[in-house]
Amino acid sequence: MTTIRIDHASRWFGNVVAVNDVTVEIAPGVTGLLGPNGAGKSTLIHMMGGFLAPSVGTVTLDGAAIWRNESVYRQIGLVPEREGMYDFLTGEEFVLANAELHGLDDPGAATRRALGTVEMEYAADRRISTYSKGMRQRVKMASALVHDPSVLLLDEPFNGMDPRQRMHLMELLRQMGAQGRTVLFSSHILEEVEQLASHIEVIVAGRHAASGDFRKIRRLMTDRPHRYLVRSSDDRALAAALIADPSTAGIQLDADEHALRVQAVDFGRFTTELPRIARSHGIRLLTVSPSDESLESVFSYLVTA
């Protein structure tokens, strides 16, 4: 059972705090690291992979410090988001180089197995410069798997993949998690994480915001206050009726938009009561649209919840 432990770890670059006092444990199985772009996911993954030292705190693999500990690299495979590939090499040469760096007994056989795992045998002898974004992602994956690591860290691995490639990679990661490996992948797409991860860690603005299975995280997001823009045939009468209902916490008349801005604190009740109240007062609803559905606003709520 290989486990990564991050304990009160922070990482800053000059005056910029990329990761701020994060404590989390990544256990065997598939874990999704969820957060908006710029949240600190890549920095956290690079610390787990041994490519960055925490400014304070510790990052360990089964109790052993990862930073400047070459022995742990045999257990870790990393698929970075940014590409630092040698385009003049073929896919096979690129993966083989990594196999040889790990000192494997039969690097050629390991290379062929890894390329077969990601379904890249057909393009193994082509130069990487001719690869599509999805093909590059898969050959990076093969390079990370060539030494059969017990820990796999993937930073936005589905970027650039077509639907078939995405489904294949998801199934591969599920299998690896079921085998007892520790798999962590980052994403800013909630549905992507829902389909794959058994456990989710949420990071926002460098801080650990939430932890749990998908149902728990989704419930936190659903239960947060929602803001709606509502237009009707009689905004003033609708506002007077809504403000008396416990599903709302605040209503503002927006003269410029000719609409109401409503804060709903009970999402389920509000969605059923709004049409009922309008109907009972003879008011016609013209527009009901969420005004705070960006990922940033949802995640920001988790930080302060």
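Below is a short write-up of the structure. All of these numbers come straight from a predicted model, not from anything done at the bench. (Residues numbered from 1 in each chain as written. Predicted model: local features only at pLDDT ≥ 70, side-chain atom pairs only at ≥ 80, totals over all residues. Heavy atoms only, no water.)

## A look at the packing of aromatic side chains
- Following the criterion strictly, the structure yields three aromatic pairs and no others.
- A ring pair is formed by Phe 158 and Phe 185, whose centres lie 5.9 Å apart and whose planes are at 85°; its orientation type is edge-to-face. Taken together, the residues Phe 158 in the loop between β7 (151-155) and α5 (163-178) and Phe 185 in strand β8 (residues 182-187) connect sequence positions 27 residues apart.
- Overall, the relative accessible area of 1% leaves Phe 158 in the buried class.
- Judged by its relative accessible area of 0%, Phe 185 is buried. (Phe/Tyr/Trp six-rings, centres within 6.5 Å; stacked < 30°, edge-to-face > 60°. Helix = DSSP H or I, 4+ residues; strand = E, 2+ residues; numbered from the N terminus. Buried < 20%, exposed > 50% of the residue type's maximum accessible area, 1.4 Å probe, protein only.)

## Focus on the nonpolar core
- Grouped together as the largest cluster of nonpolar side chains are 47 residues, with contacts concentrated most on Met 141, Leu 152 and Leu 173.
- Sequence-distant contacts of Met 141, defined by excluding residues within four places in its chain, comprise Val 79, Val 118, Leu 152, Leu 154, Leu 169, Leu 172, Leu 173 and Met 176.
- By size, the runner-up hydrophobic cluster in this structure holds 24 residues, among which are Val 19, Met 48, Val 72 and Ile 203. (Core = buried A, V, L, I, M, F, W, Y, C linked by side-chain atoms within 4.5 Å. Contact = heavy atoms within 4.5 Å.)

## Here's the deal with empty space enclosed by the protein
- One pass over the structure, following the stated rule, counts two cavities of 30 Å³ or more.
- The calculated volume of the largest cavity comes to roughly 50 Å³.
- Around the largest cavity, the lining residues are Val 22, Val 24, Ile 26, Leu 33, Leu 44, Met 48, Leu 184, Glu 201, Ile 203 and His 208.
- By residue number, the principal contributor to the lining of the largest cavity is strand β2 (residues 16-26), which donates three residues.
- Partitioning the lining of the largest cavity into residue classes produces eight nonpolar, one polar and one charged.
- Taken as a whole, the second largest cavity spans an internal volume of roughly 40 Å³. (1 Å grid on protein atoms, 1.4 Å probe; cavity = no way out; pocket = protein on both sides within 12 Å on 5 of 7 lines; lining within 4 Å. Points joined across faces, edges and corners; volume = space filled by probe spheres on them. Nonpolar A, V, L, I, M, F, W, Y, C, P; charged D, E, K, R; others polar.)

## Structural notes on the layout of surface pockets
- Size it by volume and the largest pocket reaches roughly 680 Å³.
- If you go around the largest pocket, you meet 24 residues; those closest to its centre are Phe 51, Leu 78, Pro 80, Asn 98 and Ser 143.
- At the level of secondary structure, the elements contributing two or more residues to the lining of the largest pocket comprise β6 (76-79), α2 (91-101) and α4 (133-145).
- When its residues are assigned to classes, the lining of the largest pocket shows 13 nonpolar, nine polar and two charged.
- Its volume calculated, the second largest pocket comes out at about 300 Å³.
- Around the second largest pocket sit 17 residues that line it, and Arg 113, Thr 117, Leu 145, Asp 148 and Arg 181 are the ones nearest its centre.
- Elements with a contribution of two residues or more to the lining of the second largest pocket: α3 (107-117) and α5.
- Examining the composition of the lining of the second largest pocket, we find that four residues originate from one element, α3, more than from any other.

## Points about the environment of Val 118
- Position of Val 118 among the secondary structure elements: in the loop between α3 and α4.
- Taking the relative accessible area as the measure of exposure, Val 118 reaches 2% and is therefore buried.
- Once the C-alpha coordinates of Val 118 and His 168 are considered, the two residues, 50 residues apart in sequence, prove to be 8.1 Å apart.

## Points about the packing of α2 against α3
- Here α2 crosses α3 at 125°, and the two axes come no closer than 9 Å. Between α2 and α3, the interaxial angle falls into the category oblique. When the axes of α2 and α3 are compared, the crossing they make is right-handed. Residues Glu 92, Val 95, Leu 96, Ala 99 and Glu 100 of α2 touch α3, and the partners they reach there are Pro 107, Gly 108, Thr 111, Ala 114 and Leu 115.
- Residues that form the contact of α2 with α3 fall into these classes: six nonpolar, two polar and two charged. (Axes fitted to C-alpha atoms, helices over the stretch in contact; angles between N-to-C directions. Parallel < 35°, antiparallel > 145°, perpendicular 65-115°, else oblique. Left-handed = near helix turned anticlockwise from the far one by under 90°.)

## What to know about the sheet that holds strand β13 (residues 259-264)
- The four strands lie next to each other as β12-β13-β11-β14, forming an open sheet whose pairing is antiparallel. Only two strands of the sheet have a single partner each, and these edge strands are β12 (248-254) and β14 (285-290). Sheet twist, expressed as the mean angle between neighbouring strand axes with direction ignored, is 20°.
- Two strands pair when backbone bridges link them, and strand β11 (residues 226-232) and β14 are joined in this way by five bridges, in the antiparallel orientation. Bridge pairing links Arg 231 to Thr 287 in β14.
- Against the sheet, helix α9 (residues 267-280) makes contact with β11, β12, β13 and β14, and its axis sits at roughly 170° relative to β14, the strand it touches most. (Pairing = 2+ DSSP bridges.)

## Brief notes about the sheet that holds strand β10 (residues 207-212)
- The strand order β6-β7-β8-β3-β9-β10 describes an open sheet built from six strands, whose pairing is mixed. The open sheet has two edge strands with one neighbour each: β6 and β10. Going across the sheet, the axis of each strand differs from the next one's by a mean of 15°, ignoring polarity.
- Pairing geometry for β6 and β7, over four bridges, is parallel. Note on β7: the bridge partner recorded for Ile 76 is Val 151.
- Contacts between α5 and the sheet are confined to β3 (29-34), β7 and β8, with β3 contributing the most and set at about 125° to the helix.

By themselves, these are just geometric observations and shouldn't be taken as functional.
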